[in-house]
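# Survey of secondary and tertiary structure
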Amino acid sequence: MARVKKRDENKENEGFEIVIPDIDVIKTVKLTKRTKILTLDCPSGKEQVVYDLRDIKETYPNVTTLKIKKGIINIHILNRTFPNIRTVKSESDWFANNEKILIRIDFSCIKKGGEKKGCLLNTFCLEPGEILDLKKVCSIYNMAFDGCETSLINNADYIEDIYAGAFTGSYFNSPEMHAGDGPIMLGNCLIGFKDKTESFELTQFVKTVALAENFGKNMIQKLIVSDYHLLEVLWTVGDDNKICDTLVINDRSDFSDSISGKFCMNANHVEVTSKNKYLKSENDMIYGIEDHKLYTSAWFLSGDVVIPKEVTSFGDDAFPSENITSIEIHPDVCECSSKAFVNPGALALIKCHDNKLPAGLIYSLTYTKQHYYKDRNAVIEVVSDDAHFFIPRHITNITKFAELCSTDMSQIKENYMYAGSAEAKQDIMVKTYAFSQDDKLIEDILKREGKAIALRYIKENHEDDAILLVNSKLLDKNALTAIKKDASKSGMEKLVSAINSL
């Protein structure tokens with residue numbers, strides 16, 4: 001399954017603010033009120049320079065042409081400083097030539113036919129009635145639309161990313177644009193929703209979705225899709241962006257072969273119309289009515305998940321969400337694809353009502369190579385009617401362990417021996433001893449290595465695990481003193497309190 005990651009919101013200008021120490025930044029140019037052409041040149045002896053003219057306070061309305069010479073690799077200017085630029089001539093490979101807007105080429109953003117596309121830096125101040133053509137644009141930079149008053153947009157089909165503040169001071173951020181109910185469109189690109197929008201039906205008119213950060217009502221209560229093919233456009237949202245709370249699929253056809261892993265469901269909840277005779281939804285999961293196979297679930301499904309009673313197997317990408325913390329499985333689930341969980345790092349608990357797990361589940365949740373989650377769960381707790389044990393996320397001899405889990409979990413002994421890393425082995429022992437406290441071997445190991453394990457927990461911000469270890473009362477006074485010192489430095493007040501209470 002393709003995974004599109006959202007840009008870090010704390011790096012708003014990433015990729016366009018040049019931070020290379022050896023690159024000179026030019027902040028002034030010689031201009032008069034009569035100047036018609038703004039020429040940005042590379043000084044003699046320099047191979048590359050950046051122009052940053054954002055500190056210029058005057059306005060130069062007579063400038064209608066921007067000329068960019070070779071060696072210019074980035075430009076920062078304000079639309080309102082040069083409101084009437086309508087021609088951009090570029091000799092630099094970094095900028096699009098023969099455009100009326102300023103586009104910095106993104107060489108990683110190459111579309112069909114090898115056409116170069118890039119980030120829209122400036123629209124300048126286009127007036128109402130002027131046409132803005134975005135055929136070479138794949139992203140829109142902060143303040144790019146400031147002062148732009150036109151609403152006539154062409155070729156916005158390939159917009160993928162919109163920076164925070166991109167529409168500040170423009171027609172698209174005006175009060176009249178946000179008032180009422182409905183979508184806010186940039187041509188055929190959906191960029192947000194008006195203030196009173198609660199639900200919206202997706203149609204073929206929407207070719208792409210690029211929800212602008214800090215702009216409009218980006219998440220609505222309900223998104224309705226009557227043709228399942230339209231779900232494909234939701235890939236353009238990115239898997240870190242929720243477009244709605246509930247995705248409602250009103251298609252009555254059998255789209256089971258297409259939905260799993262092929263469509264993005266950017267929602268907390270998902271529903272399929274009850275009139276569909278082939279697929280059914282329950283607990284935000286979609287499964288087949290005849291084959292009882294779980295095909296997929298909401299991408300932002302979170303917390304405790306209970307598998308529907310009619311489900312008997314999990315297919316590929318059945319659980320795309322990375323926010324599931326526990327899952328309850330009934331005895332009729334007998335088979336699980338090894339690719340059912342896309343990213344199960346948050347899963348900490350499996351509940352079941354039988355003495356075995358579905359065949360294949362262990363392969364879906366564990367790793368045979370080193371892949372230790374320092375900020376997630378390296379150990380999964382399993383609770384059934386007849387067994388209670390812990391699964392190491394990083395595992396060795398997975399074939400034997402998986403066979404035991406799918407036949408008779410009560411036969412699993414010394415499960416920490418299956419851990420594939422020292423960290424996972426330690427975590428298994430800490431949790432196992434906290435539950436049973438009857439294994440002399442584990443007790444001796446924790447007495448010997450407990451201090452080092454606790455200090456690792458503090459370093460990795462696993463305070464609850466450190467408290468679990470401290471409460472075992474296996475650590476001596478010197479170890480507890482060292483642990484308390486590190487806990488205090490890290491601001492772990494609960495851990496400090498647990499040590500003080502001993």
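Please refer to the structure higher up on the page.
Presented here is a report on the structure given in the accompanying data block. Please read all numbers here as calculations on a predicted model, not as lab measurements. (Residues numbered from 1 in each chain as written. Predicted model: local features only at pLDDT ≥ 70, side-chain atom pairs only at ≥ 80, totals over all residues. Heavy atoms only, no water.)

## Brief notes about the sheet that holds strand β1 (residues 24–26)
Read from one edge of the open sheet, three strands run β1-β3-β5, paired in parallel fashion. Among the strands making up the open sheet, the edge pair consists of β1 and β5 (72–76). Averaged over all neighbouring strand pairs, the angle between strand axes comes to 20°, with direction disregarded. Pairing of β1 with strand β3 (residues 49–52) involves three bridges; the strand directions are parallel. In the strand pairing of β3, D24 is matched with V49. (Pairing = 2+ DSSP bridges. Helix = DSSP H or I, 4+ residues; strand = E, 2+ residues; numbered from the N terminus. Axes fitted to C-alpha atoms, helices over the stretch in contact; angles between N-to-C directions.)

## Quick word on empty space enclosed by the protein
Under the definition given, this model contains one cavity of 30 Å³ or more. Approximately 30 Å³ is the volume attributed to the largest cavity. Lining the largest cavity are S321, E322, N323, I324, F341, N343, P344 and L347. Residues that form the lining of the largest cavity fall into these classes: four nonpolar, three polar and one charged. (1 Å grid on protein atoms, 1.4 Å probe; cavity = no way out; pocket = protein on both sides within 12 Å on 5 of 7 lines; lining within 4 Å. Points joined across faces, edges and corners; volume = space filled by probe spheres on them. Nonpolar A, V, L, I, M, F, W, Y, C, P; charged D, E, K, R; others polar.)

## Regarding a negative patch on the surface
A cluster of acidic side chains, namely D254, D257, E290 and D291, defines a negative patch on the protein surface. Structurally, the position occupied by D291 is in the loop between β21 (285–288) and β22 (293–297). (Patch = residues over 30% accessible without salt bridge, like charges linked within 9 Å, V, L, I, M, F, W, Y side chains within 5 Å. Areas by Shrake-Rupley, 256 points an atom, 1.4 Å probe, with all protein chains shown as cover. Salt bridge = Lys/Arg side-chain N within 4 Å of Asp/Glu carboxyl O. Lys, Arg positive; Asp, Glu negative; His and termini not counted. Charge placed at Lys NZ, Arg CZ, Asp CG, Glu CD.)

## Concerning the nonpolar core
Counting 73 residues, the largest nonpolar core has L247, I307, F314, F319 and I350 as the members making the most contacts within it. Discounting chain neighbours no more than four positions away, the residues touching I307 are M285, L294, F314, F319, I327, E328, I329, H330 and V333. Grouped together as the second largest cluster of nonpolar side chains are 29 residues, V430, A487, L495 and A498 included. (Core = buried A, V, L, I, M, F, W, Y, C linked by side-chain atoms within 4.5 Å. Buried < 20%, exposed > 50% of the residue type's maximum accessible area, 1.4 Å probe, protein only. Contact = heavy atoms within 4.5 Å.)

## Re the pairing of strand β13 (residues 183–186)
With four bridges joining them, β13 and strand β14 (residues 189–193) adopt antiparallel strand pairing. Across the sheet, residue M185 finds its bridge partner in β14, namely L190. Once β13 ends, the chain turns through two residues before running back antiparallel as β14, passing G187 with a positive phi of about 65°.

## Observations concerning the environment of V248
Residue placement: V248 occurs in strand β18 (residues 244–249). Note on V248: relative accessible area 10%, which makes it buried. Expressed as a C-alpha distance, the spacing of V248 and L223, which sit 25 residues apart in the sequence, is 6.1 Å. Excluding its chain neighbours within four sequence positions, the residues that come into contact with V248 are K222, L223, I224, V225 and E271.

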